[in-house]
Amino acid sequence: MLCIENLSVSYGVHRVLKDVSLEVNSGEVVALIGPNGAGKSTLVRAISGVIPVESGRIYINEDSDAAHQGSRSRSSVNLLSLPPMPRARFLAVVPQSASLPPAFTVWETVLMGRTPYLNFLGQVSAKDEAIAHLGLQKVDALDLSERRVGELSGGEQQRVLLARALAQSTPILLLDEPTSNLDLHYQVSFMETVSALAQRDNLAVLVAVHDLNLAARYADRVSLLVDGGIKATGTPRQVLTPELISTAYRLPVQVIPHPFVDVPLVLPGNK
């Protein structure tokens, strides 16, 4: 479980995040939604350690077997106290738009995900190669292995970024608007893959998304961030309401049942 408690982040005198608290459980996808400037990307960067935290806690609760007691014990890892490399063993990030080295092959790029586990000589082991191979397999990108990254489409590059993140073998996956530059086909395909991976590999996934209907369809829970604070967290049906969404986005909306799946569908309303 990823736990965020009373997290605040400021840029100079401007406070961007204000006492944010959120939990992401293993095996679930939590979609972080909110208008532009709400602080979604800032929250992802603060969790990953890219930007400093003003106050609050970010930690992982891990369950471990306590066989001699016939129960399970829980240990806590404070992510804020970890240097970058140890932290990279706990969480992996798929950024909004990464500038991948175009001359590198897909295989070389995905192997970079094993960096936190390499010895001081940077040698790649057979185990590292097997894990990278599995990462590519999970996102259906094995056929891209020998291609140069600069030759790939946007959707293919996002699959490579996801495979690289999976190669880190972390229990937590952070995604910062990973579908923002993709067409509809790749958006759906990418989110279907992420949802399946969360369930199959028991990952705790936090994904910042703009598209409310992608959040409704592929997230187990939704958290609405407005002006740096969490306004609501719950199932898509609980959060994607006309009242909450209209107020947050300052736009009238309709919320109707989706015609094909049992989730809400958000549509612009009449002004």
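Structure: see above.
Starting afresh in each chain, residues are numbered from 1 along the sequence in its written order. The predicted nature of this model means local features are confined to residues of pLDDT at least 70 and side-chain atom pairs, given and counted, to a pLDDT of 80 or more, with totals for whole chains, interfaces and linings taken over all residues. Excluded from the side-chain calculations are hydrogens and water; all other atoms, namely the structure's heavy atoms, are used.

Before going further, it helps to spend a moment on the environment of Leu136. Put simply, DSSP marks the helices as runs of H or I at least four residues long and the strands as runs of E at least two long, and each gets a number from the N terminus on. Relative to the helices and strands, Leu136 is located in helix α4 (residues 126-138). As a C-alpha pair, Leu136 and Val110 span 26 residues in sequence and 7.7 Å in three-dimensional space. We call two residues in contact when some of their heavy atoms are within 4.5 Å. Setting aside residues no more than four positions away along its own chain, Leu136 makes contact with Val106, Trp107, Val110, Ala141, Leu142, Ser145 and Ala163.

Each salt bridge in this description consists of a side-chain nitrogen of Lys or Arg and a carboxyl oxygen of Asp or Glu lying within 4 Å of one another. Counted by the stated rule, this structure contains 10 salt bridges. Note that Asp128 and Arg114 form a salt bridge whose closest N and O atoms lie 2.9 Å from each other. With a gap of 14 residues between them, Asp128 in helix α4 and Arg114 in the loop between α3 (106-111) and α4 connect regions that are remote in the sequence. The same class applies to Asp128 as to Arg114, namely buried. When the shortest N-O distance is used, the salt bridge between Asp201 and Arg200 registers 3.8 Å. Buried, partly exposed and exposed residues are distinguished by accessible area as a fraction of the type maximum, computed with a 1.4 Å probe on protein chains only: under 20%, between the cut-offs, and over 50%, respectively. Arg200 sits in the exposed class, given a relative accessible area of 53%. By sharing partners, the salt bridges in this structure join Lys138, Arg200 and Asp201 into a single network.

Here six strands make up an open sheet; going across it, the order is β6-β7-β8-β3-β9-β10 and the pairing mixed. Only two strands of the sheet have a single neighbouring strand rather than two, namely β6 (91-94) and β10 (229-234). The average undirected angle you get between the axes of adjacent strands in this sheet is 20 degrees. Sheet topology places strand β3 (residues 29-33) next to strand β8 (residues 204-208); four bridges connect them, and they run parallel. When DSSP finds at least two bridges between two strands, those strands are taken to pair. To define axes, lines are fitted to C-alpha atoms, for helices over the stretch in contact only, and angles between the resulting N-to-C directions are given on a 0 to 180 degree scale.

The next point concerns the nonpolar core. Take the buried residues of types Ala, Val, Leu, Ile, Met, Phe, Trp, Tyr and Cys, join any two whose side-chain atoms come within 4.5 Å, and each joined set is a nonpolar core. Formed by 51 residues in total, the largest nonpolar core has its most connected members in Ile33, Val94, Val110, Leu162, Leu173, Leu175 and Val205. Sort the elements by how many residues they give to this core and helix α5 (residues 154-166) lands first, with six residues.

Right, let's get into the environment of Arg217. Mapped onto the fold, Arg217 is located in helix α7 (residues 212-218). Sequence spacing of Arg217 and Pro264 is 47 residues, and the spatial spacing of their C-alpha atoms is 8.1 Å. When sequence neighbours within four positions are dropped, the list of residues in contact with Arg217 reads His258, Val261 and Val263.

Aromatic rings considered in pairs are described by the distance between their centres and by the relative angle of their planes. Note on aromatic pairs: the rings of Phe, Tyr and Trp (six-membered ring only in Trp) are paired at centre separations within 6.5 Å, and the planes decide the class, stacked below 30 degrees, edge-to-face beyond 60, tilted for the rest. Here the structure, examined in full by the defined rule, presents zero aromatic pairs. Placement of a positive charge over a ring is assigned whenever Lys NZ or Arg CZ falls within 6 Å of the ring centre and within 35 degrees of the normal to the ring plane. Across the ring face of Tyr59, the terminal group of Arg57 is positioned such that the distance to the ring centre comes to 4.1 Å.

The next thing to look at is the packing of α5 against helix α6 (residues 184-201). It is the contact of α5 with α6, at a shortest axis distance of 10 Å, that shows an interaxial angle of 15 degrees. Judged by the angle between their axes, α5 and α6 are roughly parallel. Like other packed secondary-structure pairs, α5 and α6 cross with a definite hand, here right-handed. For the pair α5 and α6, contact is made by Gly155, Glu156, Gln158, Arg159, Leu162 and Leu166 and by Tyr186, Phe190, Thr193, Val194 and Leu197, respectively. In this classification, Asp, Glu, Lys and Arg are treated as charged, Ala, Val, Leu, Ile, Met, Phe, Trp, Tyr, Cys and Pro as nonpolar, and every other residue, Gly included, as polar. Split into classes, the residues belonging to the contact of α5 with α6 amount to six nonpolar, three polar and two charged. Each angle is binned into one of four classes, with values under 35 degrees roughly parallel, values over 145 roughly antiparallel, values of 65 to 115 roughly perpendicular, and all other values oblique. Take the far helix as the reference: if the near one is turned anticlockwise from it by less than a right angle, the crossing is left-handed, and if turned clockwise, right-handed.

Two elements, strand β9 (residues 221-226) and β10, share five bridges in a ladder whose sense is antiparallel. Within β10, the residue paired with Ser223 across the bridge is Thr233. Between β9 and β10, which pair antiparallel one after the other, the connecting turn spans two residues, and Asp227 there sits at a positive phi close to 50 degrees.

Despite not being glycine, Asp140 has its phi angle at roughly 55 degrees, a positive value. On the basis of relative accessible area, Asp140 is assigned to the exposed category, the value being 59%. Residue Arg250 is not a glycine yet carries a positive backbone phi of 55 degrees. Its place among the elements puts Arg250 in the loop between α9 (242-249) and β11 (253-257). Assessed through its relative accessible area of 74%, Arg250 is described here as exposed.

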